[in-house]
Amino acid sequence: MEPRELIARAEQAMLGAYAPYSGFYVGAALLTKSGRVYTGCNIENAAYSPSNCAERTAFFKAVSEGERSFSAIAVVGGEKGKIRSFCPPCGVCRQVMLEFCGPDFLIYLWDGETIRAVPLTEMVPYAFTAEEHLNNKE
């Protein structure tokens, strides 16, 4: 799937965002290695910590349906759904990506004009990975 098509899916997902507190809508489209796409949007809560990001929504939907191999994710966002700048994943979402994705996993960002493809390893240079955790069990 071409990056622009994945970004279009993320833009469509952003329309479902529930963001009455921040007014910042985010959409994500997660591409599996088998070619399936799972989308997600951000879902806020008045207590804030129970809120969920678009990226994690997409990942949790995919994982709950048995997916474990991912190629890329497109993430878009903006105030009231107007995309004006890149919207990189937060630290918690990056950690979820590290749980399921290898170093070749790409994060596509869109500012309304330019696509930026960032490898997960660049997004999280000193990552705490499952492999390190499991290898340190002795």
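Residues numbered from 1 in each chain as written. Predicted model: local features only at pLDDT ≥ 70, side-chain atom pairs only at ≥ 80, totals over all residues. Heavy atoms only, no water.

**Student:** Looking at this structure, how should I read the sheet that holds strand E5 (residues 115–119)?
**Tutor:** Within a sheet, each strand pairs with its neighbour through backbone hydrogen bonds, oriented either parallel or antiparallel. With mixed pairing, 5 strands are arranged side by side in an open sheet as E2-E1-E3-E4-E5. A single partner strand is all that each edge strand has here, and the edge strands are strand E2 (37–41) and E5. Strand-to-strand, the axes of this sheet are offset by a mean angle of 20°, without reference to chain direction. The sheet contact formed by strand E3 (residues 70–79) and strand E4 (residues 106–110) spans 4 bridges and is parallel. By the bridge assignment for E4, Ala74 is matched with Tyr108. Here helix H2 (residues 54–64) sits on the sheet and contacts strand E1 (24–32), E2 and E3; the angle it forms with E2, its principal contact strand, is near 140°. (Pairing = 2+ DSSP bridges. Helix = DSSP H or I, 4+ residues; strand = E, 2+ residues; numbered from the N terminus. Axes fitted to C-alpha atoms, helices over the stretch in contact; angles between N-to-C directions. Contact = heavy atoms within 4.5 Å.)

**Student:** I'm lost on the side chain of Thr32 in this one. Help?
**Tutor:** With respect to the helices and strands, Thr32 occurs in strand E1. Residue classification places Thr32 among the buried residues on the basis of a relative accessible area of 2%. Beyond its immediate chain neighbours, meaning those up to four positions away, Thr32 contacts Tyr38, Glu67, Ser69, Phe70 and Ser71. (Buried < 20%, exposed > 50% of the residue type's maximum accessible area, 1.4 Å probe, protein only.)

**Student:** I tried to follow the nonpolar core on my own but got confused; where do I start?
**Tutor:** Most often, soluble globular proteins have nonpolar side chains that are buried together. Membership of the largest hydrophobic core comes to 25 residues, with the highest contact counts inside it found for Leu30, Phe59, Phe70, Ile73, Phe105, Ile107 and Leu120. Of all the secondary structure elements, the ones that give two or more residues to this core are E1, H2, E3, helix H3 (91–100), E4 and helix H4 (120–123). It is H2 that provides the largest number of residues to this core, a total of 5 residues. Within the second largest apolar cluster, 13 residues are counted, among which are Ala10, Val37, Ile83 and Tyr108. (Core = buried A, V, L, I, M, F, W, Y, C linked by side-chain atoms within 4.5 Å.)

**Student:** Can you walk me through H2 in this structure?
**Tutor:** Within an α-helix, residues lying three or four positions from one another point in the same direction, as the helix has 3.6 residues per turn. Of all 11 residues making up H2, 8 are buried, and the element is well covered by its neighbours. When we look at burial in H2, the residues that qualify are Ala54, Glu55, Arg56, Thr57, Ala58, Phe59, Ala62 and Val63. Those residues of H2 hidden inside the fold are in contact with E1, E2, E3 and H3. One or two steps after H2, the chain reaches Gly66, where phi turns positive at roughly 95°.

**Student:** Which parts of the structure should I look at to understand the pattern of salt bridges?
**Tutor:** Close approach of charged atoms allows side chains with opposite charge to pair. Scanning all chains against the criterion turns up 3 salt bridges. Note that Arg4 is salt-bridged to Glu11, the shortest N-O span being 3.4 Å. A relative accessible area of 23% means that Glu11 is categorised as partly exposed. Residues Asp104 and Lys33 are paired through a salt bridge, measuring 3.8 Å at the closest nitrogen-oxygen approach. Remark: Lys33 occurs in the loop between E1 and E2 and Asp104 occurs in the loop between H3 and E4; sequence separation between them is 71 residues. Each of the two residues, Asp104 as well as Lys33, counts as exposed. (Salt bridge = Lys/Arg side-chain N within 4 Å of Asp/Glu carboxyl O.)

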